[in-house]
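Chain and residue survey
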Amino acid sequence: MADDGWRVRILARRDPIDRLWADLEPEVVVGDLADRRALDALSRGADAVIHGAALVKARSAGEFAAVNLEGARRLAEASVGVPNVVLVSSLAAREPQLSRYAASKRAAEHAMAEVLGERLTVARPPAIYGPGDRELLPVFQAADALPVLPVLSRSGRVGMIHVEDAARQVAALAGRPAGRPVALSDDRPEGYTWSELMAEAARACGRTPRLAAAPAALVHLAGITNDFRAIFGANPMLTSGKARELLHPDWSVAPEERLGGTALSRPHSGERIRRHRGLVSARGVDETLVAVL
């Protein structure tokens, strides 16, 4: 957005110190989604507000709702004078019955729409991958260590997008409001098979892919086991809800879901994953921040 001439103001718990911000000098409002004064300061005089903060894992529906729903509602109320608000939701919101996460994202869409009406544009990205996501790093660790990689479904389709492409498309929506939910995608909106994704992960680690079908019952069992762990304080990513998301047969993006029927993207995810191969091989899987779902 800064490259496109926007003056950027961000909400953060503390002043961000990261190499990604090295050439930028955003205005920083210190606070969080529970701080109404900070939200008012964030949105005051803004031409557009982009809401991308959310929990992707939590121990309960209440924890999800406190951030993903109530935080979104408070930001919408603070942004009533802003002409364009973009909510970064999730493609999972298309199927809210699958998980607490998906339900919380769908509820956030409804809550913000109630306040903002047609001034709200909802961006629904599919699975996002890229540097910095340690939650999905185990996929590469498994690809590096296991002789055979599991394939969750032979027929399921998984939408993918690199984080840079997702950010670019969200930024475009700030200046091109749609007033409706818009699904993001790379140039493979039809998605990828699990076999393709696991094979690319193996190649990124310099391995020859060997794949085997994983029983759906085993994936569900792992999720249920982690549900019990959450009762005792753990906060795992793979819950029973996440298992249902992973095993859902169709996370592809239909033409009518995209903005103008086209994807605003650069090379597709398989090519992006292969580009990271040198980084993974040079630094080792344990060190790299590259991850893919």
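What you are looking at is a predicted structure, and each value in this text was computed from that prediction instead of being measured.

Procedures and definitions
Residues numbered from 1 in each chain as written. Predicted model: local features only at pLDDT ≥ 70, side-chain atom pairs only at ≥ 80, totals over all residues. Heavy atoms only, no water. Pairing = 2+ DSSP bridges. Helix = DSSP H or I, 4+ residues; strand = E, 2+ residues; numbered from the N terminus. Salt bridge = Lys/Arg side-chain N within 4 Å of Asp/Glu carboxyl O. Buried < 20%, exposed > 50% of the residue type's maximum accessible area, 1.4 Å probe, protein only. Core = buried A, V, L, I, M, F, W, Y, C linked by side-chain atoms within 4.5 Å. Contact = heavy atoms within 4.5 Å.

1. Topic: the sheet that holds strand β13 (residues 250-251)
- Taken in spatial order, the three strands line up as β11-β8-β13 in an open sheet, and their pairing is mixed. Either end of the sheet is taken by a strand with one partner, and the two such strands are β11 (192-193) and β13.
- Relative to β13, strand β8 (residues 157-158) runs parallel, the two sharing two bridges. Within β13, the residue paired with Val158 across the bridge is Trp251.

2. Let's talk about the pattern of salt bridges
- Here the structure, examined in full by the defined rule, presents 13 salt bridges.
- The salt bridge involving Glu77 is made with Arg36; its shortest N-O contact spans 3.6 Å. Here the residue Glu77 occupies a position in helix α2 (residues 61-78), and Arg36 occupies one in helix α1 (residues 36-43), the gap between them amounting to 41 residues.
- Between Lys242 and Glu245 there is a salt bridge whose closest N-O contact spans 3.0 Å. Placement of both Lys242 and Glu245 in helix α8 (residues 240-247) is noted, with a separation of three residues, approximately one turn of the helix. For the pair shown, Lys242 and Glu245 are each scored as buried.
- The network of salt bridges with shared partners includes Arg7, Arg9 and Glu27.

3. Examining the nonpolar core
- Val49, Val85, Leu87, Met112, Leu116 and Leu120 are the most contacted members of the largest nonpolar core, which totals 17 residues.
- Broken down by secondary-structure element, the contributors of at least two residues to this core are α1, α2, β4 (84-88), α3 (100-116) and β5 (120-124).
- It is α2 that contributes the most residues to this core, four residues altogether.
- With sequence-adjacent residues up to four places away left out, Val49 is seen in contact with Ser43, Leu75, Ser79, Val82, Asn84, Val85 and Val86.
- Of all hydrophobic cores here, the second largest spans 14 residues; its members include Ala127, Leu152, Val158 and Trp194.

Shape descriptors only; they carry no functional weight alone.
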